[in-house]
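# Fold and contact review
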Amino acid sequence: MLSHTLEHGVLVITVDQDPGIDGRAALTTYITNLVDAHQPTPVVIVLTDAAAGHAAVSAVLRAHQWCGRLGVLMSAVTHSAPVRRLLENNADTVGPRLVVHARVDTAISTAFTAAA
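Residues numbered from 1 in each chain as written. Predicted model: local features only at pLDDT ≥ 70, side-chain atom pairs only at ≥ 80, totals over all residues. Heavy atoms only, no water.

### Topic: the overall build of the protein
Within the protein one finds 4 helices and 5 strands. Ordering the α and β elements of the protein from the N terminus gives β-β-α-β-α-β-α-β-α. The C-alpha radius of gyration computed for the protein amounts to 12 Å, which stays within 12% of the reference 13 Å derived for 116 residues, consistent with globular compactness. In the protein, which comprises 116 residues, the proportion classed as buried is 41%. Restricting the contact set of the protein to residue pairs at least 6 apart, pairs at least 24 apart contribute 71%. (Helix = DSSP H or I, 4+ residues; strand = E, 2+ residues; numbered from the N terminus. Rg over C-alpha atoms; globule rule 2.2 N^0.38 Å. Buried < 20%, exposed > 50% of the residue type's maximum accessible area, 1.4 Å probe, protein only. Contact = heavy atoms within 4.5 Å.)

### Structural notes on helix α4 (residues 104-115)
Along an α-helix, a turn takes 3.6 residues, which lines up residues three or four apart on a common side. Taking 1.5 Å as the rise per residue, α4 with 12 residues should run 16 Å; its terminal C-alpha atoms sit 17 Å apart, in good agreement. Inspection of α4 places A107, I108 and A111 among the buried residues, and these make up the whole buried set. Each buried residue of α4 sits inside an arc of 95° when the element is viewed along its axis, so together they form one side. (Expected span 1.5 Å × (residues − 1). Arc of directions from axis to C-beta.)

### A closer look at the environment of T5
Mapped onto the elements, T5 comes out in strand β1 (residues 2-7). A relative accessible area of 38% means that T5 is categorised as partly exposed. Residues T5 and D22, 17 residues apart in the sequence, show an inter-C-alpha distance of 26 Å. Within the structure, the side chain of T5 is placed 3.2 Å from the side chain of E7, a separation counted as a polar contact. (Polar contact = N/O pair within 3.5 Å; in protein donor to acceptor, adjacent residues only side chain to side chain.)

### Observations regarding the sheet that holds strand β2 (residues 10-15)
Spatially, β1-β2-β3-β4-β5 is the arrangement adopted by the 5 strands of the open sheet, whose pairing is mixed. Where the open sheet ends on each side, the last strands, each with one partner, are β1 and β5 (99-101). The mean angle between the axes of side-by-side strands here comes to 20°, regardless of whether they run parallel or antiparallel. Sheet topology places strand β3 (residues 43-47) next to strand β4 (residues 74-77); 4 bridges connect them, and they run parallel. Its bridge partner being in β4, V43 is matched across the sheet by M74. With respect to the sheet, helix α3 (residues 81-90) is in contact with β3, β4 and β5, its orientation differing from that of β5 by roughly 175°. (Pairing = 2+ DSSP bridges. Axes fitted to C-alpha atoms, helices over the stretch in contact; angles between N-to-C directions.)

Keep in mind these values describe shape, not function.
So, in structure tokens, the structure goes:
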């Protein structure tokens, strides 16, 4: 369902498939556990094309709320313009803003620069 790496001091979490409504809570838990383990490292969550469903988007938004409470910078990446708009329009406005990118390399370099 997901994988993660550390790239240039940024935690990159890749969600490979939409978990469906039944798997949304588990995906959120996996993501927040990774955030907890690596904080205060900035986080980039990548939604692949197969993961651009409503449950995965919801999990990313919940993870953004979690990161906001912790003061951890988080951004998201998806190639889908409608999903980018959905994330931007529904992101929590308390805490650090959710920045949504179309490219992974841009998201990682931006997170790295912002954290430096």
